[in-house]
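Coordinates in review
Read off the chains here:
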Amino acid sequence: MKLEGNVAIVTGGAKAIGLHIASKLASEGAHVVIADIDAAAAEEAAVGITRAYGREAAGMGVDVTDERQVEALIAFAVERFGTVTILVNNAGIMGPVDETDKVDVDGWDVTMAVNLRGVFLSSKHVIPVMKQRKAGSIINVASITGKRPLPLRLAYATSKMGVIGLGRSLAAEVGKFGIRVNTVCPGSVTGERQQHVFEGIMKASGKSYEEVATEKAEVTALKTFVDPDYIAHCVVYLCSDESWVITGQDINICGGAVMY
Ligand SMILES: NC(=O)c1ccc[n+]([C@@H]2O[C@H](COP(=O)([O-])OP(=O)(O)OC[C@H]3O[C@@H](n4cnc5c(N)ncnc54)[C@H](O)[C@@H]3O)[C@@H](O)[C@H]2O)c1
């Protein structure tokens, strides 16, 4: 097991990509705290992980945009498991899907708050714990939309570009304390959110599901979508000693849709 002795927090870990990441971290020996705005789902996920992997996990209702709640999360993890060695900033929302002149400011603000402020707050409050141990790994979940333009998704694209910038700047700042910061940039991931996105495109374009799916897969080198397990594998690697010299990187997990 690659992560024996580690304690990980996964934000937005109650379902979908976050749950895959939390499960994989536990399967590699880490204790996991699932922090999600959906408290019941977080607790349910923690019970499932403890049962499946025999590693005690905990769930907590946390809104990553609220500084007090984030502080309480870090304190809870330290009290329960002794420390925090891994933070996965996965919580994120799609934000408004519309022409920019029709996007209301609340839609913009909430997207920035969850996708960017949440990453800042969780990182801010975990760093003192990691500094004490002179070790730690922070993984941010951005998107390939943080690298290339996406019309009608201005807030989301801008927030994910911000996450990539945050990751690089933070990596440069905290490397001297033995803390590494990396960002993963998934492409189109199979799951519920992908269904919502495809349904939106079908409605707007009148195309069938098959046409939309084929068009989306066609732009990747491997003609494929991303299974969330591949993201989880990459996160495990980025948290393990095998990647000790890797920091400040943003890694595309997208079947070759983006290559920079
Ligand atoms: N699904 C994709 O195709 C895709 C592609 C690229 C990047 N991503 C990114 O991956 C991450 C996970 O995406 P997903 O598809 O699993 O999303 P999802 O919507 O299925 O799950 C997100 C989780 O975050 C939680 N959450 C939302 N707001 C929160 C808040 N304020 N505080 C705490 N938790 C909150 C939700 O309850 C949910 O459990 C996001 O950052 C997303 O932008 C997803």
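Residues numbered from 1 in each chain as written. Predicted model: local features only at pLDDT ≥ 70, side-chain atom pairs only at ≥ 80, totals over all residues. Heavy atoms only, no water.

**Some remarks on the overall build of the protein chain**
Heads up, the rule is: The helix and strand labels rest on DSSP assignments: H or I over at least four residues marks a helix, E over at least two residues marks a strand, and numbering proceeds from the N terminus. Radius of gyration means the value over C-alpha atoms here, while the globule rule gives 2.2 Å times the residue count to the 0.38 power. In this description, contact between two residues means that some pair of their heavy atoms is separated by no more than 4.5 Å. The method behind every accessible area is Shrake-Rupley, applied with a 1.4 Å probe, and residues are considered shielded solely by the protein chains displayed.
Looking only at helices and strands, the protein chain has eight helices and seven strands in total. A compact globule built from 260 residues would reach a C-alpha radius of gyration of about 18 Å, and the protein chain, at 18 Å, matches this within 12%. Along the three orthogonal principal directions, the C-alpha set of the protein chain runs to about 55 × 35 × 35 Å. Partitioning the intrachain contacts of the protein chain with sequence separation of at least 6 by distance along the chain shows that 72% fall at a separation of at least 24. Of the accessible surface of the protein chain, which amounts to about 12,200 Å², a share of 55% is contributed by carbon and sulfur atoms.

**Topic: the site of the ligand**
How we decide: Consider each residue's heavy atoms; a residue with any of them within 4 Å of a molecule or strand counts as near. N or O atoms closer than or at 3.5 Å make up a polar contact, with two conditions inside protein: a donor-capable atom paired with an acceptor-capable one, and, for residues adjacent in sequence, both atoms drawn from side chains. Gly is placed with the polar residues, together with every amino acid not listed as nonpolar (Ala, Val, Leu, Ile, Met, Phe, Trp, Tyr, Cys and Pro) or charged (Asp, Glu, Lys and Arg).
By nearness alone, 24 residues border the ligand, and Asp 36, Asn 90, Tyr 156, Lys 160 and Val 189 come closest of all. Here a nitrogen atom of the ligand and a backbone polar atom of Ile 37 are 3.2 Å apart. The backbone of Asn 90 places a nitrogen or oxygen atom 2.8 Å from an oxygen atom of the ligand. Burial of the ligand by the surrounding chains reaches 89%, relative to a free accessible area of 840 Å². Of all the elements in the fold, those that place two or more residues in the shell around the ligand are helix H1 (16-27) and helix H5 (154-174). The class makeup of the residues in the shell around the ligand is 13 nonpolar, six polar and five charged.

**Comments concerning the side chain of Asp 250**
The condition is simple: Under the scheme applied here, a residue whose accessible area is under 20% of the maximum for its type counts as buried, over 50% as exposed, and between as partly exposed, the area being computed with a 1.4 Å probe on protein chains only.
Here Asp 250 shows up in strand E7 (residues 250-253). For Asp 250, a relative accessible area of 16% puts it in the buried group. Within the structure, the side chain of Asp 250 is placed 2.9 Å from the side chain of Lys 147, a separation counted as a polar contact. Of note is the side chain of Asp 250, whose polar atom sits 3.0 Å from the side chain of Arg 168. With near-sequence residues (within four places) excluded, Asp 250 lies in contact with Lys 147, Ile 164, Arg 168, Thr 183 and Cys 185.

**Points about the packing of aromatic side chains**
Where two aromatic rings form a pair, the distance of their centres and the angle of their planes describe that pair. The following threshold applies: Whether two aromatic rings pair depends on their centres lying within 6.5 Å, for rings of Phe, Tyr and Trp, where Trp uses its six-membered ring; planes under 30 degrees apart make the pair stacked, over 60 edge-to-face, and the rest tilted. Charge-over-ring contacts are defined here by two conditions on Lys NZ or Arg CZ: a distance within 6 Å of the ring centre and an angle within 35 degrees of the ring normal.
Across all of its chains, the model carries two aromatic pairs by this definition. With a centroid separation of 5.7 Å and 55° between ring planes, the pair formed by Phe 198 and Phe 225 is classed as tilted. You can see Phe 198 sitting in helix H6 (residues 192-205) and its partner Phe 225 sitting in the loop between helix H7 (209-218) and helix H8 (228-239), a full 27 residues away along the chain. A relative accessible area of 23% means that Phe 225 is categorised as partly exposed. Over the face of the ring belonging to Phe 177 we find Lys 131, whose NZ or CZ atom lies 4.5 Å from the ring centre. The ring centre of Tyr 156 lies 4.5 Å from the NZ or CZ of Arg 153, which sits over that ring.

**Considerations on the sheet that holds strand E6 (residues 179-186)**
Applicable threshold: Strand pairing is assigned whenever DSSP detects at least two bridges linking the two strands. Orientation is described by axes fitted as lines to C-alpha atoms, over the contacting stretch for helices, and by angles from 0 to 180 degrees between their N-to-C directions.
With respect to topology, seven strands assemble into an open sheet ordered E3-E2-E1-E4-E5-E6-E7, the strand pairing being parallel. Looking along the sheet, the strands with just one partner apiece sit at the ends: strand E3 (57-61) and E7. Taken over all neighbouring pairs, the strand axes of this sheet differ in orientation by 20° on average, direction set aside. Note: strand E2 (residues 31-36) against E3, five bridges, orientation parallel. The residue of E3 that forms the bridge with Asp 36 is Gly 61.

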